[in-house]
Amino acid sequence: MQEQKPAYRRVLLKISGEALAGGAGRGLDIEFIKRVCAAIKQCADMSVQIGIVCGGGNFWRGVKDGGGRMERTRADQIGMLATVMNSLVLAEGLEQAGAPARVMTMVDMPRVAEPYSYGRAMHHLVNGRVVIFAGGTGNPYFSTDTAAALKAAEIGADVMLMAKNVDGVYSADPKTDPGAVRYDHIGYEDILAQGLRVIDAAAASLTQENHIPVSIFSLDPPENIVRAVCGEKIGTIID
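(A) Structural detail: the pattern of salt bridges. Tallying each qualifying case throughout the model produces 11 salt bridges. Across the pair Lys34 and Glu31 runs a salt bridge whose closest N-O atoms are separated by 3.5 Å. Placement of both Lys34 and Glu31 in helix α1 (residues 30-44) is noted, with a separation of three residues, approximately one turn of the helix. According to the relative accessible area criterion, Glu31 is exposed, its value standing at 52%. For Asp184, the salt bridge identified is with Arg182, shortest N-O distance 3.7 Å. Through salt bridges with shared partners, one network takes in Asp167, Arg182 and Asp184.

As structure tokens, this is what we get:
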């Protein structure tokens, strides 16, 4: 069996909260998360420095769940807390798998996790710890996609890997349009021009301006994370 070699030195992995729920769509599938953490550990064992941003859609989506029924800022703050819960679960899974991990939050809660600072985050990364950035950007009106793009730029990631519950970028919603075509490669301009919602405009702008390619693929099976880190052509590349 050929030894796997990483294509990147440092990555930012964005994990969809909804994907962590497995087939249920809500809550947490712990057995599935164990497989996700085993895949991340395999990448860390190849000396890849890994930052993670996790969504919170398996518990709460600010606009969808709070829209029209509560003030947007408060709805988004609930979403930030949902990402903290997912981040703590991932950290526990990684530690159980033997991969040192640190959760750093954009919303101060020092009894739960470290407050984010660039210097501490880089210290953890270069010392082989997986760093999980929780709490989105810490501000309302920004998605966790944007938080991931921001952190990818801050830590100097070679690529942003987006592990989702869909296996790439399609010309239309494959759930409703049987004629939808999956792209192997697409440019940022085409994403925006076609109104494709697989990544929001702010995140796309940040990664484009900072020359960070984006790889979008399905989190199921979790081994796709390893394949993406090793440079295999899975899902869709945006650059």
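Having put the structure on the table, let's press on.
(B) Here's a closer look at the packing of aromatic side chains. Counted under the stated rule, the structure contains one aromatic pair. The side chain of Lys151 reaches across the aromatic face of Tyr116, ending 4.3 Å from its centre. Taking the ring centre of Phe133 as reference, the NZ or CZ of Lys151 above it sits at 5.9 Å.

(C) View of the side chain of Asn86. On the secondary structure map, Asn86 appears in helix α3 (residues 72-97). Those residues in contact with Asn86 that sit more than four places away from it in its chain are Gly17, Leu20, Leu28, Cys54, Gly55, Gly56, Asn58 and Phe59.

(D) Region of interest: the packing of helix α5 (residues 144-155) against helix α7 (residues 201-209). Two numbers describe how α5 lies on α7: the axes approach to 8 Å, and their chain directions differ by 10°. With respect to their mutual orientation, α5 and α7 come out roughly parallel. The interaxial crossing formed by α5 with α7 has left-handed handedness. Each of Asp145, Thr146, Ala149 and Leu150 in α5 lies in contact with α7, whose residues at this interface are Ala202, Ala203, Leu206 and Thr207.

(E) The arrangement of the sheet that holds strand β1 (residues 10-15) in detail. Within the open sheet, the nine strands sit side by side as β4-β3-β5-β2-β1-β6-β10-β11-β9. Their pairing is mixed. The open sheet has two edge strands, β4 (114-115) and β9 (185-186), and neither has a second partner. In this sheet, strand β11 (residues 236-238) lies alongside strand β10 (residues 214-218) in antiparallel orientation, the contact comprising three bridges. Opposite Ser215, over in β11, you have Ile237 as the bridge partner.

About the criteria used
- Every chain begins its residue count from 1, and numbering advances along the sequence as written.
- Local features in this predicted model are restricted to residues whose pLDDT is 70 or higher, and side-chain atom pairs enter the listing and the counts only when it is 80 or higher, whereas totals over whole chains, interfaces and linings include all residues.
- In computing side-chain properties, one takes all heavy atoms of the structure into account and sets aside hydrogens as well as water.
- Salt bridges are identified by distance alone: a Lys or Arg side-chain nitrogen within 4 Å of an Asp or Glu carboxyl oxygen.
- Strands here mean DSSP runs of E at least two residues long; helices mean DSSP runs of H or I at least four residues long; both are numbered from the N terminus.
- Accessible area is worked out with a 1.4 Å probe on protein chains only. A residue is then buried under 20% of its type maximum, exposed over 50%, and partly exposed in between.
- Here a Phe, Tyr or Trp ring, Trp counted by its six-membered ring, pairs with any other such ring whose centre lies within 6.5 Å, and the pair is stacked when the planes are under 30 degrees apart, edge-to-face when over 60, and tilted otherwise.
- Whether a charge lies above a ring is judged from NZ of Lys or CZ of Arg, which has to be within 6 Å of the ring centre and within 35 degrees of the ring normal.
- What makes two residues a contact is simply this: any of their non-hydrogen atoms within 4.5 Å.
- Only the contacting stretch of a helix is used when fitting its axis, a line to C-alpha atoms as for every element, and angles between N-to-C directions run 0 to 180 degrees.
- Working definition: roughly parallel below 35 degrees, roughly antiparallel above 145 degrees, roughly perpendicular at 65 to 115 degrees, and oblique for all remaining angles.
- The hand of a helix crossing depends on one turn: near helix anticlockwise from the far one by less than a right angle means left-handed, and clockwise means right-handed.
- Two strands are said to pair when DSSP picks up at least two bridges between them.

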